[in-house]
Amino acid sequence: MTSQRLTFPKQLHIKSGAEFRAIYDRQCKAADQRLLMFGLANGRAKTRCGLSVSKKHGCAVQRNRLKRLLREAFRLTQHELPAGLDLILIPIKEVGTQAEYQTSVRGLAKRLAKKLLSPTDVESGSPKT
RNA sequence: UGAGUGGGCCGAAUGGUCGCUGUGCGUUUCGCAUGGAGGAAAGUCCGGGCUCCGCAGGGCAGGGUGGUCGGUAACGCCGACCGGCCGCGAGGUCAGGGAAAGUGCAACAGAAAACAAACCGCCACGCGGAGUGUGCUGAGUUCGCUCAGAGGCUUCCGCGAGGUAAGGGUGAAACGGUGAGGUAAGAGCUCACCAGCAGCCGAGGUGACUCGGCUGGCUUGGUAAACCCCACCCGGAGCAAGGCCAAGCAGAAGGAAACCGAGUUCGCUCGGUACGAACCGGCCCGGUUCGUUCAAGCCUUCGGGUAGGCUGCAUGAGGUGUCCGGGCAACCGGCAUCCCAGAUAAAUGACCGUUCUCGACAAAACCCGGCUUAUAGGCCCGCUCAGCAU
RNA sequence: GCCAUCAUAGCUCAGUCGGUAGAGCGACGCUUUCGUAAAGCGUAGGUCCUCGGUUCAAGUCCGAGUGAUGGCC
């Protein structure tokens, strides 16, 4: 906790298809006007992040720009987020600014942390009913 | 100055802070240095390299290309030249071999759509009818003429059997054009000139082809991005190719075809022929491997498991040069110099400034050579035409 | 990244060898019925995905582009 450095190395990327599938299967999500966020408790000290940008958002240049903006938003806000989560960020429709994405990431991650890290929800666990 | 035409180039710049990624060095939870998308990275339309299919063979089929000569690793690309068409011109454009090898096709319209034929028309002939006037013959006569007959003339109509392709209209396209002669009417029927075709000869050119001369028949249509013929080219798949490591699971059903000789430690081995299966993109030839007692193996069908890491992977048909030599050019050779992205849920961003003409299309994924398509704005060069001035 | 396939009426699809594009369902109108459905009769509806080229003529042949779908160890 000594380092408040704002790095985003590859250890904090979610990469494999199995990890993505596990997070989607948990079906714990939150959204606002700009972002859709899936989450899952990973039992680690740090919070990790994955991105999903579909072809609906335009050509390769536009998709790359969206991914960079989202990656930057996560990097700059990572120490304000609750620890021990795996998050997937999916943009919705229009391209926002860096400040807007940062506030979205903060708010959505807190909402997911309430659902995932409270002991009652851990007990029940089932998404049904 | 205006209009146009051909070609080349650039594709915001710069500073700070926090980050991402390759390499190198120090040292290892980090720090420093340095490199970090494009002219199209795109579409995947061609051509190669590379890898595997054991070898990459012959014929057929299939596909592609199509003026000539060069360039190239190769090309459907590029250059120069030739020819057709467009443009006053600079220039542009052309899948630009063959339709007098063969087959097919052409709706509608039109008489007729490819080999000559003939609807209207024009023309002479025969027959019939209508008309006509003069002369002839005969009869009658009121001497004015009237009637009949044969023959004639000209115009029209109909029928018959022909001649003709000048003219007409249709169509995208109608079987050379103009003039004269000729004829019953006409026609390359004949002649002159022109256009075009074929053959031969001469000159120039590596060649496509060009120029000139002679002869011939008098004239041959379009479509091959329809089949086809000719010439040349092409084995298939693709870096999710392929190689190595780790992890993991569960197997089941079915399948074909033998004899001979030699050796033998009687387990088999070797050779020959035959057969079977699989493979060599499709078929045939030809070939390769395995097998022909059971089992194993191989093949087919169904089922199951894993989709992690390393490599391939970046020094190359490489870039640059008021360089040298060859070539009209594309390009080739030499010399010097440089190393210039290498990710793998996938690296260039965010924030704060300054300046400007306020920033288009758009981002590598094995690598090259092209083509095509997208592209705000700006710069440079060659050439043409018109106007004005000198 | 690589390799294939498709695009025709509101929907599902035909369309051979180039010659003015159809079928079924649907829509609308009429007949029938007290009314509806069914049935019968009729009508409209097409940039043949887009742009070039070949041809007298292109949905069809050729080239380029756009969009959609499927496959790969």
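Calculation notes
- Residues numbered from 1 in each chain as written.
- Chains lettered and ligands numbered in written order.
- Predicted model: local features only at pLDDT ≥ 70, side-chain atom pairs only at ≥ 80, totals over all residues.
- Heavy atoms only, no water.
- Salt bridge = Lys/Arg side-chain N within 4 Å of Asp/Glu carboxyl O.
- Helix = DSSP H or I, 4+ residues; strand = E, 2+ residues; numbered from the N terminus.
- Buried < 20%, exposed > 50% of the residue type's maximum accessible area, 1.4 Å probe, protein only.
- Contact = heavy atoms within 4.5 Å.
- Polar contact = N/O pair within 3.5 Å; in protein donor to acceptor, adjacent residues only side chain to side chain.

### What to know about the pattern of salt bridges
As enumerated under the stated definition, the model contains four salt bridges in all. Taking the shortest distance from any N to any O, the salt bridge between Arg48 and Glu19 comes out at 3.0 Å. Residue Arg48 is found in strand S3 (residues 48–51), and its partner Glu19 is found in helix H1 (residues 17–26); the two are separated by 29 residues along the sequence. Arg48 gets classed as buried once you look at its relative accessible area, which sits at 7%. The class of Glu19 is partly exposed, set by a relative accessible area of 24%. Across the pair Arg106 and Glu80 runs a salt bridge whose closest N-O atoms are separated by 2.3 Å. Note that Arg106 is positioned in helix H3 (residues 98–117) and Glu80 in the loop between helix H2 (60–77) and strand S4 (85–91), a separation of 26 residues in sequence. Connected via shared salt-bridge partners are Glu19, Arg48 and Asp86.

### Here's the deal with the environment of Glu19
Separated by 95 residues in sequence, Glu19 and Lys114 have C-alpha atoms that sit 21 Å apart. The contacts of Glu19, once residues within four sequence positions are left out, are Ile14 and Arg48. A distance of 3.2 Å separates a polar atom in the side chain of Glu19 from a polar atom in the side chain of Ser16.

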